[in-house]
Amino acid sequence: PVRYIDRTTEDYLRQGYEKAYQWAHHTDAPFTRLTKPLSECKVGLIGTSEVAVHFDPDTEANPIVEEDFRGVYSIPADVDSSRLYSRTNSFDMNATHLDDVNSYYPIDRMREAVADGRIGSMPDRVYGCYNNYSQRKVLEQEAPKALEYCRQDRIEALIMVPV
């Protein structure tokens, strides 16, 4: 296993930051119990792996720089997973790899769950967001945008895959 929190803390201190990274902690997260079985719910997918579609200018051509930070975005849920990849270099290259898209963005596993009847359905699009270490931006910009997408798509449950 990768001890992500320990490694990130050590990396921040090694880079000269005066204090360790401040991890988000929310004791009052607004989670709600499902009112029906998951097999009857529309379930969405969002990940922070900066997933993109090969040869799709909306997700591939946009540079990942702070001035052009795009926050939350969507891609078609029916895209073939062989066309998906992660644009990020912000992972521990000594501990893992990005060869299997379903290890960091389990879209095929979601489709299997729909086919098996474990979840009711998926929306027409799935979501991604760029890695952002600003709690303020996440709380003020990204989380509301993700919630807006979920409401537009009538999502009843959401699988969140942090990387």
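Residues numbered from 1 in each chain as written. Predicted model: local features only at pLDDT ≥ 70, side-chain atom pairs only at ≥ 80, totals over all residues. Heavy atoms only, no water.

1. A short note on the overall build of the protein chain
- Scanning the protein chain from N- to C-terminus turns up five helices and six strands.
- In the protein chain, the order of α-helices and β-strands from amino to carboxyl end is α-β-β-α-β-β-α-α-β-α-β.
- For the protein chain, restricting intrachain contacts to residue pairs at least 6 apart in sequence, the fraction spanning at least 24 positions comes to 75%.
- Counting every atom, the protein chain has about 10,700 Å² of accessible surface; 52% of that belongs to carbon and sulfur. (Helix = DSSP H or I, 4+ residues; strand = E, 2+ residues; numbered from the N terminus. Contact = heavy atoms within 4.5 Å. Areas by Shrake-Rupley, 256 points an atom, 1.4 Å probe, with all protein chains shown as cover.)

2. Re the pattern of salt bridges
- Counted according to the given criterion, the structure contains eight salt bridges.
- Between Lys36 and Glu156 there is a salt bridge whose closest N-O contact spans 2.6 Å. Separated by 120 residues along the polypeptide, Lys36 in the loop between α1 (4-14) and β1 (43-47) and Glu156 in the loop between α5 (135-152) and β6 (157-161) bring together distant segments of the chain.
- When its relative accessible area of 36% is taken as the criterion, Glu156 is described as partly exposed.
- Arg125 is the salt-bridge partner of Asp153, the closest N and O atoms lying 2.7 Å from each other. Note that Asp153 is positioned in the loop between α5 and β6 and Arg125 in strand β5 (residues 125-129), a separation of 28 residues in sequence.
- The exposure class of Asp153 is buried, given its relative accessible area of 15%. (Salt bridge = Lys/Arg side-chain N within 4 Å of Asp/Glu carboxyl O. Buried < 20%, exposed > 50% of the residue type's maximum accessible area, 1.4 Å probe, protein only.)

3. Notes on the environment of His54
- You can see His54 is positioned in the loop between β2 (51-53) and α2 (57-60).
- Given a relative accessible area of 28%, His54 falls into the partly exposed group.
- Taking the C-alpha atoms as reference points, His54 and Arg83, separated by 29 residues in sequence, lie 5.3 Å from one another.

4. A word on the sheet that holds β6
- The four strands lie next to each other as β3-β5-β1-β6, forming an open sheet whose pairing is mixed. The open sheet has two edge strands, β3 (72-76) and β6, and neither has a second partner. Averaged over all neighbouring strand pairs, the angle between strand axes comes to 25 degrees, with direction disregarded.
- Pairing analysis gives five bridges linking β1 to β6, with the strands arranged parallel. (Pairing = 2+ DSSP bridges. Axes fitted to C-alpha atoms, helices over the stretch in contact; angles between N-to-C directions.)

5. Regarding the confidence of the model for the protein chain
- Here the protein chain averages 82 in pLDDT, and 83% of its residues register 70 or above.
- Here residues 63-68 is a poorly scored stretch, pLDDT under 50, and it has seven contacts once near neighbours within four places are set aside; other chains count. (pLDDT = per-residue confidence, 0-100.)

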